[in-house]
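Descriptive analysis of the structure
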Amino acid sequence: MHSPPPPAAGCAPRKRPVVRRKAGTTPEPAAPGVEHAVSLGTLLEQVAGYLPEGELPAIRAAYRFADAAHLGQYRASGEPYISHPVAVAEICASWKLDAQALMAALLHDTAEDQGITQAELVEHFGPTVAMLVDGLTKLDKIQFSSREENQAESFRKMLLAMARDIRVILIKLADRLHNMRTLDAMASDKRRRIATETMEIYAPIAYRLGLNQVYRELQDLGFRHGHPMRYAVLSQALKVARGNRRDLIDRILATTTKSFADAGIKVQLYGREKTLYSIYRKMQRKHRSFAHVQDIFGFRVIVPEVLDCYRALGVLHAQYKPMPGKFEDFIAIPKLNGYQSLHTTLIGPTGTPVEFQIRTEAMHRVAESGVAAHWLYKSGAADAAAQASTAAWLQSLLDIQNENRDAAEFIETVKVDLAPDAVYVFTPKARILALPRGATPVDFSYAVHTDLGNQTVAAKVNGELVPLRTELHSGDVVEIVTAPHSRPNPNWLSFVRTGRARSKIRHALKVSQQAESQELGRRLLARALLQQGLRIDELTAADWSRLLHWCGNRSQDELFGDIGLGRRVAEIVAARVRLLDAPDAGAAEPLARGALQLDGSEGTSVHYASCCRPIPGDAVIGYLGKGEGLTVHLQDCPQARRLFLKHPQSWIDLSWSAQVGGLFAVSLVVIVNNGKGVLAKLAAAISEHDADIAHVTMDEDSSQPTIELRFLLDVRDRKHLADVLRAVRVHKFVVRAGRAKPRA
Ligand code: MN
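Definitions and cut-offs
- Residues numbered from 1 in each chain as written.
- Predicted model: local features only at pLDDT ≥ 70, side-chain atom pairs only at ≥ 80, totals over all residues.
- Heavy atoms only, no water.
- Helix = DSSP H or I, 4+ residues; strand = E, 2+ residues; numbered from the N terminus.
- Buried < 20%, exposed > 50% of the residue type's maximum accessible area, 1.4 Å probe, protein only.
- Contact = heavy atoms within 4.5 Å.
- Areas by Shrake-Rupley, 256 points an atom, 1.4 Å probe, with all protein chains shown as cover.
- Phe/Tyr/Trp six-rings, centres within 6.5 Å; stacked < 30°, edge-to-face > 60°.
- Donors = N, O, S within 2.8 Å, 3.2 Å for Na, K, Ca; no water.
- Patch = residues over 30% accessible without salt bridge, like charges linked within 9 Å, V, L, I, M, F, W, Y side chains within 5 Å.
- Salt bridge = Lys/Arg side-chain N within 4 Å of Asp/Glu carboxyl O.
- Pairing = 2+ DSSP bridges.
- Axes fitted to C-alpha atoms, helices over the stretch in contact; angles between N-to-C directions.
- Arc of directions from axis to C-beta.
- Polar contact = N/O pair within 3.5 Å; in protein donor to acceptor, adjacent residues only side chain to side chain.
- Parallel < 35°, antiparallel > 145°, perpendicular 65-115°, else oblique.
- Left-handed = near helix turned anticlockwise from the far one by under 90°.
- Nonpolar A, V, L, I, M, F, W, Y, C, P; charged D, E, K, R; others polar.
- Core = buried A, V, L, I, M, F, W, Y, C linked by side-chain atoms within 4.5 Å.
- Bend = angle between axes of the 7 residues up to and from the residue.
- pLDDT = per-residue confidence, 0-100.

A word on the overall build of the protein chain. Of the regular secondary structure elements, the protein chain holds 25 helices and 20 strands. For the protein chain, buried positions account for 48% of its 744 residues. Of the contacts formed within the protein chain by residues at least 6 apart in sequence, a portion of 70% connects residues at least 24 apart. Summing over all exposed atoms, the protein chain offers an accessible surface of approximately 36,700 Å²; the carbon and sulfur share of this is 52%.

Each aromatic ring pair is characterised by the separation of its centres together with the angle its planes make. One pass over the full model with this rule turns up 13 aromatic pairs. Ring geometry for Phe 223 versus Tyr 277: centroids 5.7 Å apart, planes at 55°, classification tilted. Of this pair, Phe 223 sits in helix H10 (residues 212-226) while Tyr 277 sits in helix H12 (residues 276-286); the two residues are 54 residues apart in sequence, bridging distant segments of the chain. Like Phe 223, the residue Tyr 277 is buried in the burial classification. An aromatic cluster is built from Phe 223, Tyr 231, Tyr 277 and Tyr 280, whose rings are joined through pairwise contacts.

For the manganese ion, the full set of protein donor atoms is His 84 (NE2), His 108 (NE2), Asp 109 (OD) and Asp 175 (OD), at a range of 2.2 to 2.4 Å. Between consecutive donor residues of the manganese ion, the sequence gaps follow H-x23-H-D-x65-D. One end of the pair, Asp 109, is in the loop between helix H4 (99-107) and helix H5 (110-114); the other, Asp 175, is in helix H8 (residues 166-181), with 66 residues separating them in the sequence.

This brings us to a nonpolar patch on the surface. Side chains of Leu 679, Ile 693, Val 696 and Met 698 sit close together on the surface and give an oily, nonpolar patch of about 280 Å² of accessible area. The greatest single-element share of the nonpolar patch, amounting to three residues, is contributed by strand S18 (residues 692-700).

Turning to the pairing of strand S9 (residues 456-461), a few remarks are in order. Of the strand pairs in this sheet, S9 and strand S11 (residues 478-482) are connected by five bridges, and their pairing is antiparallel. The residue bridging Val 461 from the neighbouring strand is Val 478, located in S11. One ladder, built from three bridges, connects S9 with strand S10 (residues 464-466); its direction is antiparallel. Paired with Val 461 across the bridge in S10 is Glu 464. Hairpin connection, S9 to S10: the antiparallel pair is bridged by two residues, and Asn 462 has positive phi, about 50°.

As a further point, take the sheet that holds strand S15 (residues 629-634). In spatial order, the strands read S12-S16-S14-S15-S13; together these five strands make up an open sheet with mixed pairing. Bordering the open sheet on either side are strand S12 (596-598) and strand S13 (606-608), each of which pairs with just one other strand. Within this sheet the neighbouring strands show an average axis-to-axis angle of 35°, counted without direction. Helix H19 (residues 499-531) rests against S12, S13, strand S14 (620-625), S15 and strand S16 (651-656) of the sheet, and its axis sits at about 145° to S12.

A few words now on helix H20 (residues 541-551). Inspection of H20 places Asp 543, Trp 544, Leu 547, Leu 548 and Cys 551 among the buried residues, and these make up the whole buried set. Looking straight down H20, one finds its buried side chains confined to an arc of 125°; they lie on one side. The exposed set on the far side of H20, more than 90 degrees from its buried face, consists of Ala 541 and His 549. One or two positions beyond H20, positive phi appears at Gly 552, with a value near 80°.

Turning our eyes to something else, we now look at the sheet that holds S9. Strands sit in the order S10-S9-S11 across an open sheet of three strands; the sheet is antiparallel. For this open sheet the edge positions go to S10 and S11, each flanked by a neighbour on one side alone. With direction set aside, neighbouring strand axes in the sheet form an average angle of 40°. Relative to S11, helix H17 (residues 441-448) is tilted by about 80°, and along the sheet it contacts S9, S10 and S11.

For Ser 445, the position within the fold is in helix H17. Take Ser 445: its relative accessible area is 0%, and that puts it in the buried class. Here the side chain of Ser 445 touches Val 442 through a polar contact of 3.0 Å, landing on its backbone oxygen.

This part takes up the packing of helix H1 (residues 41-48) against helix H2 (residues 56-70). Relative to each other, H1 and H2 sit at 155°, their axes nearing to 11 Å. One finds that H1 runs roughly antiparallel with respect to H2. Handedness of the H1/H2 crossing: right-handed. Together, Leu 43, Leu 44 and Val 47 of H1 and Leu 56, Ile 59 and Arg 60 of H2 make up the contact between the two elements. Partitioned by chemical class, the residues of the contact of H1 with H2 number five nonpolar, no polar and one charged.

Let us now look at the pattern of salt bridges. One pass over the full model with this rule turns up 18 salt bridges. Two residues, Arg 535 and Glu 538, come together in a salt bridge whose shortest N-O distance is 3.9 Å. What makes Arg 535 partly exposed here is its relative accessible area of 42%. One salt bridge connects Arg 718 with Asp 618, and the closest N-O pair in it is separated by 2.3 Å. Of this pair, Arg 718 sits in helix H25 (residues 718-729) while Asp 618 sits in the loop between S13 and S14, and the two are 100 residues apart along the sequence. Residue Arg 718 is classed as partly exposed on the basis of its relative accessible area of 44%. Bridged by salt links that share partners, the residues Arg 176, Arg 193 and Glu 197 form one connected network.

So, about the nonpolar core. Nonpolar side chains in soluble globular proteins tend to end up buried together. Core analysis: the largest hydrophobic core is formed by 62 residues, its most contacted members being Ile 59, Trp 95, Leu 107, Phe 125, Leu 173 and Leu 218. Mapped onto this core, the elements with two or more residues apiece are H1, H2, helix H3 (83-94), H4, helix H6 (118-141), H8, helix H9 (188-208) and H10. Among the elements that line this core, the one with the most residues is H8, at nine residues. Residue contacts for Leu 173: discarding those within four places in its chain leaves Trp 95, Tyr 202, Ile 205, Ala 206, Leu 209, Leu 211 and Leu 218. If you look at the next biggest cluster of nonpolar residues, it comprises 60 residues, including Ile 563, Leu 598, Val 728 and Val 734.

Along helix H11 (residues 228-263), the largest kink reaches about 50° and is centred on Arg 245. Buried within H11 are the following residues: Tyr 231, Leu 234, Leu 238, Ala 241, Arg 245, Leu 248, Ile 249, Ile 252, Thr 256, Ser 259 and Phe 260. Directly after H11, the chain includes Gly 264, whose backbone phi takes a positive value near 75°.

Here the protein chain averages 80 in pLDDT, while 81% of its residues score no lower than 70. Considering each helix and strand of the protein chain separately, the mean pLDDT is smallest for helix H16 (residues 405-418), with a value of 42, and largest for H17, with 95. Taken together, the stretch residues 393-419 has pLDDT below 50 and engages in 32 contacts with residues farther than four places along the chain or on a different chain. Throughout residues 582-593 the model reports pLDDT below 50, and contacts reaching past four residues in sequence, or to other chains, amount to 12 contacts.

The next thing to look at is the packing of H3 against H8. Where H3 meets H8, the axes come as close as 9 Å, and the angle between the chain directions of the two elements is 125°. It follows from the interaxial angle that H3 and H8 lie oblique. Crossing handedness for the pair H3 and H8: right-handed. Here Ser 83, His 84, Ala 87, Val 88, Ile 91 and Cys 92 of H3 lie close against H8, whose contacting residues are Ile 171, Ala 174, Asp 175, Leu 177, His 178, Asn 179 and Arg 181. Here the residues of the contact of H3 with H8 sort into seven nonpolar, four polar and two charged.

Structure representation (C-alpha cells):
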C-alpha cells in the first residue's frame, strides 16, 4: 500500500479516496514509500516562466490535494490518475493561464470522481478556484448523446452559456485535448463516441475562441479515432509523398530564405505540413483522390510589422508564379474569430502548388491561441482585471475589424455566449430547447406543444418534482407531468416568461371560462325552471326559439353564458319561459325546489370568497354578481351579509354535492409559545396530513411571549381540516389553533 504524500497542513481531503479500477487494465501502484511517479517539475518550470514566485506554493498545494484525492485511482492506460490533471494543467500553462485556472485544472476531477465537496474546495483554495471546479464538474455531467446533427450548435451554445467564466471553457478544452491524446487506451465504441463529440462540439468551440492549434489537433485526433481505417490509409500515403518531396521542400526553403535576405526583410520561415484531417476534408470537398491533392505542404512566414507582410508577399510573387484566385487577404478582412494572415499559393519548381501564410508575431499569437493569448497574467492583477483584459482584447478586435460587419457579429456572439440571455434545457428524449433566461417549466411545456402546456399539472427537473414557477437552468432535464382534463391555471400568468406561453394560457383560459360559465348558467336555469315546475330537457325547439328571440341571444350556449356570468337572472328567464309557453303550463305539478349543488368541477366560473374562505361541509350561499360569475361565501360571513342587504335579488342557495372534488384554500391561525423549530414542526405536522401550505405569515409582538402564525392551506373539506387541526394541537407549544375568522 502507498502512504499518501505529505500534505500541506490542513490541505488533505478528508475522505478516503475510493479505489476504482477499470476492467482490463493492470494498475501498477507505486512502490511502497515512494511518491507517485508523476512529477510536477515540468508544470512548475512552465509556470516560473510567467507567474511570480509567490504563486507557486498555492499551485503545489492544489497538486498535493488532488494527488491525495486521486490516490489509488488509475486511468484506463494504467497510469496513476493524477497524471491526467497534471497534463491538463500543463496545457493550460502553455496558454499562460493564471494560477487560479491552473489550480482548478489540477483539481478538476476531484469533485466528480472523488466526492470532494464545493465547501472543502472553498475552504482550501478560495471561492474562485472552487467556482471554476464547480463549472467544470457541471459541464462533465452533460453528455452529448443525441444523433441529431442540428443539435450540435445548440449544444455548443449551451456549454458556453453554462460556463460563466471563460477559464472554465479553456480548462475544459485542455481536459478534452489530453483525453483525446490518450484515447488509445479506451474501447473502440467509446473512442468513436468521444471522437464524434469532439468533432461536433469541442473543435468548433476551440475555433470560435481562436485556439487554432487546439482546433487542428482536436480535429486530427477526432478523425483518427472516428475513422481509424481512413486515417491509417491516408497517413501511409502522406508518408510516401513526404519522402518524395523532401528535397523539393528543402530547395524552396533555401531559395526563399535567400530572397528575403536580399530584400532586407527579417523573417522567420517554417515549413508546415497540413493536418491529415484538413487534407481529408479537401479530398471530400473536391471529390479528389490523394494523388490529386497537391498542396499538402506549406510555409509560414513571420515578420515584425504589418507592412512587412505585404513586402514579403511581393518577394514571394517575384520568386514563384502565384496561382490565380488563390490569394486571400485576411489582414484587411480578418476571419470571424480574429484570425489574420495573408494566404497565397505559389507554383513551385516542379509545378507543385505550395501555400504560404504570412503574418506578424502578434497575429501569430492570436492565430495559435486566440482568447488564451490575451489571458496574459499581470502580476497582482485581480480577477476583475484579468476579465477586463479579455474585454479589452475583444474591444481591440472590434477596432481592428470595424470596417467589417461580421466582426461586430463575432463580438456579439462571444458576449452573448459568456453572459447569456438564454438557457438551454433538455426534453426527456434529449432534445435541446432554448428558452429565455428566467423561463419556467410552464414555458418549457408550451414551447414543446400547446396541448402539453394546457395539460400540465406538475414538472420534474432532473428527476425531482419542483414547483411550476421554478426557474430553469442550462443543462436541466425537464419532464412535464400531465393530466388529460386539466386546464391552465391563471396564476401561471404571473411567472411565465415567454410570450408564447402567455398568449396560449390566456386563450385556453378564455375558452374554458366560457365553457364553465355556460355549464353554470345551464344549471342555474335548470334549477330556476324547476321552481316553475318545468324541466329544462323537456323544453321543445319551439320553446327555445321563442325564448332566444325574447332574450336576444343567438344560441342556447350564449344564453347560458350570460346567465352563468350573472348578466341575466335565471329566475327571470325561467319565469319568461312560463309566460311564453303553452297557456296551460300553470297546471303543471310544482317539482321539488333545490339549491344549486357545488361539486368542485366548476373551475373559474365559481370563486370562493377570500374574506371567509368556505370549504366543503360549510353552510354557504352564492352571490351572482354582474359579469363576475358566482362567488361562494359562508352564510355567516359579514361581507356576505352586507352585500345581501344591498342586492338581495343576486343571491342563490347553494349546497355541496356528496362527491366534492379538488382542494380548497382555508386560513388557520395558530398561537404558539416561541421556540426553536416551532414552524418546522408545525409545517411537518400539516404536510404529514396531506395538506399543502400555500403561504405562512408570522406576527411577532415583542411584548408577548407568544407569536401568531397564519397559514393558508389547501384542504379537501371540513373533515380534512379537523384532522390537520388535531395534529397541530398535539404540540405542547401550541396555545391555540383554529380557523381564521372571516374578515369583516
Ligand atoms: Mn478530466
